[in-house]
Amino acid sequence: MYNEKVMDHFMNPRNVGEIENADGVGQVGNVKCGDIMKMYLKIEDGVIVDVKFKTFGCGSAIATSSIATEMIKGKTVEEAVKLTNKAVVEALEGLPAQKVHCSVLAEQAVKAALYDYAQKNNITIKGLEDFKPVEDVHEHHDEDDEDEE
Amino acid sequence: MNRKVYLDYSATTPMKKEVLEEMMPYFSEKFGNASSIHSFGREAKKALDIARDKIAKAIGADFKEIFFTSGGSEADNWAIKGVAFANRDKGNHIITSKIEHHAVLHVCEYLEKHGFEVTYLDVDEYGVVDLEQLKNSITDKTILISIMFVNNEIGTIQPIKEIAKIAKERGVYFHTDAVQALGNVPIDVNDLGVDLMNFSAHKIYGPKGVGALYIRKGVKIHPHIHGGAQERKKRAGTENIPGIVGFAKAVELAVENLDSHIEHVRKLRDRLIDGVLKNIDYVRLNGHPENRHPGNANFCFEFIEGESLLLSLDMVGIAGSSGSACTSGSLDPSHVLMAIGLSHEIAHGSLRLTVGDFTTEEDIDYTIQQLVKIVDRLRQMSPLYEKVKGGQNNV
Amino acid sequence: MNRKVYLDYSATTPMKKEVLEEMMPYFSEKFGNASSIHSFGREAKKALDIARDKIAKAIGADFKEIFFTSGGSEADNWAIKGVAFANRDKGNHIITSKIEHHAVLHVCEYLEKHGFEVTYLDVDEYGVVDLEQLKNSITDKTILISIMFVNNEIGTIQPIKEIAKIAKERGVYFHTDAVQALGNVPIDVNDLGVDLMNFSAHKIYGPKGVGALYIRKGVKIHPHIHGGAQERKKRAGTENIPGIVGFAKAVELAVENLDSHIEHVRKLRDRLIDGVLKNIDYVRLNGHPENRHPGNANFCFEFIEGESLLLSLDMVGIAGSSGSACTSGSLDPSHVLMAIGLSHEIAHGSLRLTVGDFTTEEDIDYTIQQLVKIVDRLRQMSPLYEKVKGGQNNV
Ligand SMILES: Cc1ncc(COP(=O)(O)O)c(C=O)c1O
Ligand SMILES: Cc1ncc(COP(=O)(O)O)c(C=O)c1O
Ligand code: FES
Ligand code: FES
């Protein structure tokens with residue numbers, strides 16, 4: 001059901017853990033599946049120098065967290081904000097349709113951590129103006145319920 | 001890592017050698033259509049009759065009360081829709097439980113859209129239906145009670161005999177889904193007093209795509225598949241003779257070896273449960289402590305999620321399940337675990353391991369050892385575990 | 001008398017060696033439940049996907065348009081009931097023909113009891129439906145046309161493409177029962193333009209208890225068996241992997257060898273027809289002279305009755321049928337023969353002989369030789385024959 005890349009990030013997740021005195025911490029959850037993702041950012045001069053995550057979730061949730069941390073590490077805050085779930089799915093070379101929402105969780109966790117950083121430092125980040133740190137991510141993609149009774 | 005440990009016998013079983021041997025002649029030699037009057041047909045008909053007779057005898061039923069289907073789900077659908085529509089003039093109320101298999105629940109939901117009313121009985125923390133609630137739910141509109149014999153997720157065995165007694169007193173038909181019961185608990189339809197009961201061959205080392213519905217003589221039920229005169233005009237379609245012959249053999253073996261099977265799987269299952277509870281913290285055993293399927297173990301591991309647990313087990317060759325196989329595509333936590341009162345979060349960390357005839361002690365020990373490692377690894381990643389254990393688990 | 005000649009390939013076929021070989025690994029080794037996420041399950045799922053893909057390709061359909069069932073009858077039931085109930089808001093009128101298989105006719109009769117109206121189209125003396133009558137029967141209440149591709153008794157092939165065109169023009173769904181067509185005529189769902197089409201594996205040297213329904217993308221149809229999420233949530237039940245794998249292999253062989261199969265059976269069938277017509281008086285060939293199933297021969301022998309003919313043939317090892325196998329329990333003359341205008345008397349003397357891949361020239365010659373003797377013997381006993389032949393036949 002998952003491709004090799006996803007399984008690799010699931011079995012050998014990169015950047016698992018926590019950062020003490022992190023500059024930004026974000027936690028998001030998905031009501032439908034109950035999964036939770038937490039991101040920690042270390043930011044110096046507007047650059048993400050370290051990132052760690054913890055995830056309570058399915059294989060896809062763990063794999064997307066892992067690859068998302070890789071994708072934003074070393075990036076500027078402005079660049080990291082632009083991370084989309086689509087890019088995460090592409091980086092993982094695809095996810096099963098009913099698992100695409102897990103990647104939304106990863107995007108939201110990164111944004112929530114950046115939002116926390118912005119709040120703490122009293123700054124605004126371009127692209128995060130409308131962000132609401134909600135714990136519930138609703139996006140869901142159900143495959144084929146086309147013409148059920 | 002080449003070791004393979006199959007602990008998902010409640011999802012399906014490998015066919016036994018004896019079953020396949022029994023089926024072999026019917027594929028290409030004795031291949032006749034049982035409805036044909038020539039020698040090829042009569043040969044097939046004879047095999048069909050013998051198979052029906054074996055299964056009838058195995059559950060104390062009459063030959064004419066056994067109807068073959070394509071599996072457990074079809075039989076559930078037939079039993080419930082068939083009785084509901086045939087008795088619509090008497091009433092439109094059906095009683096079932098919250099922990100039924102989807103082949104019962106989704107049929108009930110369908111019937112609700114078609115003028116029926118359904119009561120879904122609660123279960124206690126062990127998954128046992130409340131008999132008082134059952135009694136109080138019966139009205140003069142009630143035409144059917146459908147309560148499963150053995151739950152497929154948590155293994156809990158229901159008080160079928162008591163339910164049958166209540167149903168009989170109130171003149172209501174009683175159907176029980178015995179897919180997980182056959183071969184794991186003794187079954188006698190008259191002793192139990194049920195009116196309809198269904199089975200599936202592939203759960204008892206028989207072939208996939210075959211099942212049966214027991215319909216007590218006199219029960220008013222609609223035919224299920226219209227067409228030819230097969231199955232006493234109630235279920236049309238050329239009979240799957242090899243499948244039915246294999247099913248009968250599997251039932252025969254299951255009944256003959258019931259005691260030794262139960263002893264074997266119970267011993268290993270208990271070893272598994274003991275090992276897990278002793279070596280892992282924050283784990284809960286779901287289902288009834290004693291009155292349960294002898295091969296079933298169902299755990300909730302707090303702070304971790306079922307799919308990642310399953311995937312990790314799979315990576316070391318261990319096959320388990322989180323709930324029933326047919327819902328594994330779904331994101332919702334098990335309706336059974338919700339019904340016994342677990343929270344979403346805890347229900348999410350569920351793992352069903354079911355032991356079978358080919359399971360060994362080494363399989364169990366290997367599984368315990370791997371589970372300890374995997375649970376630990378996943379908990380280290382979990383933001384929920386962090387809170388419990390405090391700082392000490394930081395990397 | 002040990003000679004056995006099987007001439008009932010339209011009732012069922014022996015499984016081919018290649019089919020069984022393909023199935024074997026899935027009974028006891030690769031036995032997983034296709035819904036399980038572990039390696040055993042994925043292995044099963046892969047086999048299922050490959051099988052579905054093979055069958056889709058063989059008929060020019062999309063992978064997602066193939067739904068597995070337990071056989072031809074279940075698929076007929078699903079197609080018709082499923083479309084009827086799902087489109088009830090658009091209308092309640094169904095058009096079919098008088099010569100359909102009972103799995104279609106009895107479903108239509110059932111629907112008539114549940115608020116639907118059914119037009120049963122006439123056929124001409126060859127068993128071909130009347131396209132003008134079809135056109136005139138369509139009303140704005142018509143939601144479904146169901147006309148079989150190849151008739152199972154007299155072998156007549158219907159103008160499916162023309163019917164599909166008419167259905168499309170009028171915005172009505174078109175289902176065709178292709179159980180006897182698969183492997184005997186070329187099939188491409190898009191070229192034909194049908195919306196639903198069903199098949200049965202055991203008619204094409206595949207396993208019993210497996211079939212499929214092709215459902216064109218977008219067709220509004222209700223699920224058939226409620227329960228697990230199998231078959232895109234439309235047909236629940238653990239998939240019969242060995243059966244489905246065998247079915248796919250049988251379809252593959254049938255499509256690959258279509259031309260040589262047709263040539264082989266047509267040659268032998270024509271030899272049979274010629275031999276019978278040349279050597280026996282008062283015999284009639286039923287069905288269309290050219291547009292027919294390549295292996296089908298259907299005769300009426302005047303002055304004698306079908307069952308005694310069948311029994312006599314069986315005594316010399318020849319397996320034939322009088323009409324479809326599933327009505328052999330019935331005493332009524334074939335509804336198909338009545339529809340093509342035969343009298344009760346004549347219809348009663350019908351014999352269907354269907355030739356298949358394992359039939360030989362010797363089988364045919366032996367059959368002709370035996371038929372001559374048997375028909376003569378039975379006629380000598382017949383009071384009807386007496387009248388025709390006058391005193392000369394009295395004992
Ligand atoms: C035309 C036709 N439709 C449907 C069926 C039913 O198929 P099955 O026996 O697989 O249910 C048959 C054969 O019995 C048939 O010949
Ligand atoms: C309790 C119960 N009922 C019904 C079924 C359905 O049986 P089948 O897969 O043969 O359709 C199953 C297994 O899937 C089951 O465990
Ligand atoms: S299933 Fe919800 S995050 Fe994966
Ligand atoms: S006399 Fe035998 S069927 Fe009527």
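Under the annotation held in an unreviewed UniProt entry, chain B carries the name Cysteine desulfurase IscS and is attributed to Caminicella sporogenes DSM 14501. The heading Cofactor (unreviewed entry) in the UniProt record of chain B holds the text "pyridoxal 5'-phosphate".

Chain A has the name Nitrogen fixation protein NifU in an unreviewed UniProt entry, where Caminicella sporogenes DSM 14501 is given as its organism.

The helix and strand tally for chain A stands at five helices and three strands. Going residue by residue from the N terminus, the α and β elements of chain A occur as α-β-β-β-α-α-α-α. Taken across its 149 residues, chain A has 55% of its residues classed as buried. Considering only residue pairs separated by 6 or more positions, chain A has 64% of its internal contacts joining residues 24 or more positions apart. Summed over its atoms, the accessible surface of chain A is roughly 6,500 Å², and 46% of this surface lies on carbon and sulfur atoms.

Per the UniProt record, "binding site: pyridoxal 5'-phosphate" (unreviewed entry) is found at Gly72(B), Ser73(B), Asn152(B), Gln180(B), Ser200(B), Ala201(B), His202(B) and Thr238(B). Separation in sequence by 167 residues is matched in space for these annotated residues, since their most distant C-alpha atoms are 30.2 Å apart. The buried category is assigned to Asn152(B), whose relative accessible area is 6%. Relative to the helices and strands, His202(B) resides in the loop between strand S7 (196-200) and strand S8 (211-215). Excluding residues within four positions of it along the chain, His202(B) makes contact with Ala11(B), Thr12(B), Thr13(B), Pro207(B), Lys208(B), Asn33(C) and Thr238(C).

What follows concerns the packing of helix H1 (residues 4-11) of chain A against helix H2 (residues 59-72) of chain A. Helix-helix packing: each pair is described by the crossing angle between the helix axes and the interaxial distance. Residue and element names in this part refer to chain A. Orientation of H1 relative to H2, taken along the N-to-C sense of each, is 85 degrees, at an axis distance of 8 Å. As the angle between them shows, H1 and H2 are arranged roughly perpendicular. Note on element contacts: H2 touches H1 through Gly-59, Ile-62, Ala-63, Ser-66, Ile-67 and Glu-70, opposite Lys-5, Val-6, His-9 and Phe-10. When grouped by side-chain class, the residues that make up the contact of H1 with H2 number five nonpolar, three polar and two charged.

Residues Phe149(B), Ile187(B), Phe247(B), Phe149(C), Ile187(C) and Phe247(C) are the most contacted members of the largest nonpolar core, which totals 137 residues. In this structure, Ile67(A), Leu128(A), Ile280(B) and Leu378(B) belong to the second largest nonpolar core, which totals 72 residues.

The rules behind the values
Residues numbered from 1 in each chain as written. Chains lettered and ligands numbered in written order. Predicted model: local features only at pLDDT ≥ 70, side-chain atom pairs only at ≥ 80, totals over all residues. Heavy atoms only, no water. UniProt positions renumbered as here; feature names shortened; annotations may be inferred. Helix = DSSP H or I, 4+ residues; strand = E, 2+ residues; numbered from the N terminus. Buried < 20%, exposed > 50% of the residue type's maximum accessible area, 1.4 Å probe, protein only. Contact = heavy atoms within 4.5 Å. Areas by Shrake-Rupley, 256 points an atom, 1.4 Å probe, with all protein chains shown as cover. Axes fitted to C-alpha atoms, helices over the stretch in contact; angles between N-to-C directions. Parallel < 35°, antiparallel > 145°, perpendicular 65-115°, else oblique. Nonpolar A, V, L, I, M, F, W, Y, C, P; charged D, E, K, R; others polar. Core = buried A, V, L, I, M, F, W, Y, C linked by side-chain atoms within 4.5 Å.

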